[in-house]
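# Fold and contact review
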Amino acid sequence: MPVLDREPSKDSGDGLPKLPLPSLKDTLEMYLRCMKHLLTQEQFDKTQNIVKQFGAPGGVGELLQSKLMERRENKANWVYSYWLNDMYLNNRLALPVNSSPAMVFPNQNFRAPIDSLRFAAHLISGVLEYKTLLDCSRALPVDYARGQLAGTPLCMEQYYRLFTSYRLPGPESDTLVAQESSVMPEPEHIIVACKNQFFVMDVVINFRRLNERDLLTQLQKIVKMAESEEERLPPIGLLTSDGRTEWAESRSVLMRESTNRDSLDMIERCLCLVCLDDSSGPELSDTTRAMLMLHGGGVAKNGGNRWYDKPMQFVIGADGCCGVVCEHSPFEGIVLVQCTEYLLKYMIGSPSKLVRAASVSELPAPRRLRWKCTPEVHKLLTSSADKLQRLVRNLDMNVHKFYDYGKEFIKKQKMSPDAYIQVALQLAFYRCHGRLVSTYESASIRRFQEGRVDNIRSATPEALAFVKAMTDGKLSTSDTEKMEMLQGAINAQTKYTILAITGMAIDNHLLGLREIAHEMKIDKLEIFKDEAYLISNQFILSTSQVPTTVEMFCCYGPVVPNGYGACYNPQSDHIIFSVSSFRESPQTCSAEFVKCLVQGLLDMRDLCSKCNSGSKPNEQGKLLDFISADVDSFVNCKLTDFAS
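None of the values given here were measured: they were computed from a predicted structure. (Residues numbered from 1 in each chain as written. Predicted model: local features only at pLDDT ≥ 70, side-chain atom pairs only at ≥ 80, totals over all residues. Heavy atoms only, no water.)

### Concerning the overall build of the protein chain
- Summing up its helical and strand segments, the protein chain has 19 helices and 20 strands in all.
- In the protein chain, which comprises 644 residues, the proportion classed as buried is 60%.
- For the protein chain, the exposed area adds up to about 25,900 Å²; of that, 52% sits on carbon and sulfur atoms. (Helix = DSSP H or I, 4+ residues; strand = E, 2+ residues; numbered from the N terminus. Buried < 20%, exposed > 50% of the residue type's maximum accessible area, 1.4 Å probe, protein only. Areas by Shrake-Rupley, 256 points an atom, 1.4 Å probe, with all protein chains shown as cover.)

Have a look at this one:
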């Protein structure tokens, strides 16, 4: 990818620095600055007093900070387990739409049923190649940051969870299970889902990996077995689409039968899922394909042809609707992108090897997983199916390809494409709703051991000043003033991004203070019960940049009922936006948000063209190509360029 340098290495997290712990004073001051313009004066005055009391010399804040400092000394990453539980494992919402993102591949032109199976066999072959890179003494090239900190290695641990982890549901909290490889592992297998049935397909037989021709043969057998009406079993996969507590309870019911225990064990230990989907209908727009990737179309289509607890589910539709759905707790979007791009490039650059390769002489038939379904299980399936159907009806998705310009135009304005798009998102939200709200943009902290993400708070005071000038003060504010405000908003966004990717943002720190207080049984702290803190964590606008070098795009759902999910993929001459919301919310509408977003991008272009018409491209090549930490980049400029 253009934002990463890669170099072979056996190192994953060793040798990287520990995540720093910001000072209590800095975090509390930044917290107030981030929230002041999002609160009423009365709310802010109350919060200011609470924060002052919390941070007072000798007070509880200093005590908790000292305990966090001790924790930092004793752990590879002081926030990792707190963050993992808070972001994912304690969340009780269903995984589809609410948590699991999807990558949508280019639509495939399958002219005959065999074509989709050839595609699947080729893809599985690529997965096995990639897994070999992961297994061979961790030979996957290490990612390196570019820009001002060029050469900074990034933690690679997330890659090694792609095919070895599983999210086990629990009644109150889930568990991220990591499989430890042994000297003599059992034959590796994948699970193939077809017509809501699950099949074990060994990909290593007699210590030898199956070639593409053998994989195709096995897939053909599976399709034939799945078509047998007499053998067909209930769509057990639907249970995994339910809320996490409900699924944990259903799993306990399944576990009473030894047949079900064996089937669950095979699924939980597989490398990945390959979902062979039936055709979903004639209309396969980008928006439709995004929705089908996120929820399978519900029980009437392919909603039961999934197992959402597994990190990687490759979806191959008979109609050419293909992609990958990922369970998000083991890794971030960049890892999904890197793996997926490897696979698609493998398939393009490595011709399908179906003819000459030697095959295993006698392939054992794939095995259908059996389920013993009591009336109680059937009742649970009906309940899960109803809830998934409601989710399907509720999702309001809009995928828009903005072709008027892309990141090259933005770079010519000497602006960071990511910061520019973030400001455009703030403008769109303000025009839709007349206010700004707490905004989440993921920022990678992979420069540190076991680093995952922190939050870039994009709804800055500077962004508010700019969007007001472009909306309320459209006629009363001059173009020159608007341009100064735009540059101020972009600089503020970039400064905060630098804080976040260098481990100095506020969200992880506040989470750590809250969780260490809970461990110490100090549970009645005003700062964490204050309305401002609740507002600060209601991310009505949840955003992420997921750029690709291969033609595909990422999508996900909102994280709150009245919110938007906004994923974007900036290319040289266009930008792909995937905007989601819920139809049940009277406050949101994805089409209206996209309309405001497009108009805002055009207005920002016109403003830049008017004010920068005489400017020349930066000859020293210090144009900002700044991206969010989801893609692990850094700023191609000096930090002093943004000094106040």
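### A closer look at the pattern of salt bridges
- One pass over the structure, following the stated rule, counts 37 salt bridges.
- The partner of glutamate 515 in a salt bridge is arginine 514, and the shortest N-O contact between them spans 3.0 Å.
- A relative accessible area of 24% places arginine 514 in the partly exposed class.
- One connected set of salt bridges, linked through shared partners, spans Arg92, Arg167, Asp174, Arg244, Asp309 and Glu327. (Salt bridge = Lys/Arg side-chain N within 4 Å of Asp/Glu carboxyl O.)

### Some points on the side chain of glutamine 218
- Tracing the chain through its elements places glutamine 218 in helix α6 (residues 212-226).
- Discounting residues that sit within four places of it in the chain, glutamine 218 has contacts with Met201, Leu210, Leu363, Pro364 and Pro366. (Contact = heavy atoms within 4.5 Å.)

### Re the state of the cysteines
- What the rule picks out here adds up to zero disulfides.
- Of all cysteine sulfurs in the structure, the one in cysteine 608 sits closest to cysteine 611, which takes part in no disulfide; the separation is 7.5 Å. (Disulfide = S-S within 2.5 Å.)

### Focus: the packing of helix α7 (residues 244-254) against helix α8 (residues 258-268)
- It is at 9 Å that the axes of α7 and α8 come closest, and there the two elements cross at 130 degrees. In terms of their interaxial angle, α7 and α8 are classed as oblique. Touching Trp247, Arg251 and Leu254 of α7 are Asn260, Leu264 and Glu268, all from α8.
- Within the contact of α7 with α8, the residues separate by chemical class into three nonpolar, one polar and two charged. (Axes fitted to C-alpha atoms, helices over the stretch in contact; angles between N-to-C directions. Parallel < 35°, antiparallel > 145°, perpendicular 65-115°, else oblique. Nonpolar A, V, L, I, M, F, W, Y, C, P; charged D, E, K, R; others polar.)

### Quick word on the sheet that holds strand β7 (residues 197-202)
- Across the sheet, which stays open at both edges, the eight strands sit in the order β13-β7-β6-β10-β11-β12-β2-β18 with mixed pairing between neighbours. The open sheet has two edge strands, β13 (367-368) and β18 (553-555), and neither has a second partner.
- Of the pairings in the sheet, the one linking strand β10 (residues 273-277) to strand β11 (residues 312-317) comprises five bridges and is parallel in character. Paired with aspartate 277 across the bridge in β11 is glycine 317.
- Across the face of the sheet, α6 comes into contact with β6 (189-194), β7, β10 and β13 while running at roughly 155 degrees to β7.
- Across the sheet, helix α9 (residues 286-295) lies against β2 (102-104), β11, β12 (322-326) and β18, angled at about 145 degrees from β2, the strand it touches most. (Pairing = 2+ DSSP bridges.)

### A look at the sheet that holds strand β16 (residues 453-456)
- What the six strands build is an open sheet, ordered β14-β20-β19-β17-β15-β16; its pairing is mixed. Taken across any chain shown, the strands that pair with only one partner, and hence form the sheet edges, are β14 (395-402) and β16. The average undirected angle you get between the axes of adjacent strands in this sheet is 20 degrees.
- Sheet strands touched by helix α11 (residues 375-394): β14 and β20 (575-582). Its angle to β14, the strand with the most contacts, is close to 40 degrees.
- Running at roughly 25 degrees to β14, helix α19 (residues 590-611) makes contact with β14, β17 (541-545), β19 (564-570) and β20 of the sheet.

### Thoughts on the packing of aromatic side chains
- Counted under the stated rule, the structure contains 15 aromatic pairs.
- Arranged with centres 5.2 Å apart and planes meeting at 85 degrees, the rings of phenylalanine 402 and tyrosine 405 form a pair that is edge-to-face.
- Members of the aromatic cluster, connected to one another through ring pairs, are Phe198, Trp247, Trp307 and Trp371. (Phe/Tyr/Trp six-rings, centres within 6.5 Å; stacked < 30°, edge-to-face > 60°.)

### Notes on the side chain of histidine 189
- Considering the arrangement of structural elements, one finds histidine 189 in strand β6.
- For histidine 189, a relative accessible area of 3% corresponds to the buried category.
- A polar atom in the side chain of histidine 189 sits 2.7 Å from the backbone oxygen of methionine 266.
- Other than its neighbours up to four places away in sequence, histidine 189 contacts Val200, Met201, Asp202, Val203, Met266, Arg269, Cys270 and Leu271. (Polar contact = N/O pair within 3.5 Å; in protein donor to acceptor, adjacent residues only side chain to side chain.)

### Here we look at the environment of alanine 226
- Relative to the helices and strands, alanine 226 is located in helix α6.
- Its relative accessible area of 0% is what places alanine 226 among the buried residues.

### Section: the UniProt feature "active site" (unreviewed entry) in the protein chain
- UniProt records the feature "active site" (unreviewed entry) at His328, using the numbering of this structure.
- Position of histidine 328 relative to the elements: it lies in the loop between β12 and α10 (333-349).
- Note on histidine 328: relative accessible area 15%, which makes it buried.
- Leaving out residues up to four positions away in the same chain, histidine 328 has contacts with Tyr88, Ser99, Pro101, Gly333 and Arg452.
- Reaching out from histidine 328, the side chain makes a polar contact with the side chain of tyrosine 88 at a distance of 3.4 Å. (UniProt positions renumbered as here; feature names shortened; annotations may be inferred.)

### Here's the deal with the pairing of strand β4 (residues 165-168)
- Pairing of β4 with strand β5 (residues 175-178) involves four bridges; the strand directions are antiparallel. For leucine 168, the partnering residue across the bridge sits in β5 and is threonine 175.
- Turn length for the β4-β5 hairpin, with the two strands adjacent in sequence and antiparallel, is six residues.

### Here we look at the environment of isoleucine 456
- Assignment of secondary structure puts isoleucine 456 in strand β16.
- Overall, the relative accessible area of 0% leaves isoleucine 456 in the buried class.
- For the pair isoleucine 456 and glutamate 441, spaced 15 residues apart in sequence, the C-alpha separation works out to 5.0 Å.
- Residues contacting isoleucine 456, with those up to four places away along its chain left out, are Thr439, Tyr440, Glu441, Ser442, Ala443, Gln493, Tyr496, Thr497 and Ala500.

### Structural notes on the packing of helix α1 (residues 24-35) against helix α16 (residues 507-519)
- Where α1 meets α16, the closest approach of the two axes is 10 Å, and the angle between their N-to-C directions is 115 degrees. Of the possible angle classes, the one that applies to α1 and α16 is roughly perpendicular. Once α1 is placed against α16, the crossing between them reads as left-handed. Residue-level contacts link Leu24, Thr27 and Tyr31 of α1 to His509, Leu510 and Leu513 of α16.
- Classifying every residue of the contact of α1 with α16 gives four nonpolar, two polar and no charged. (Left-handed = near helix turned anticlockwise from the far one by under 90°.)

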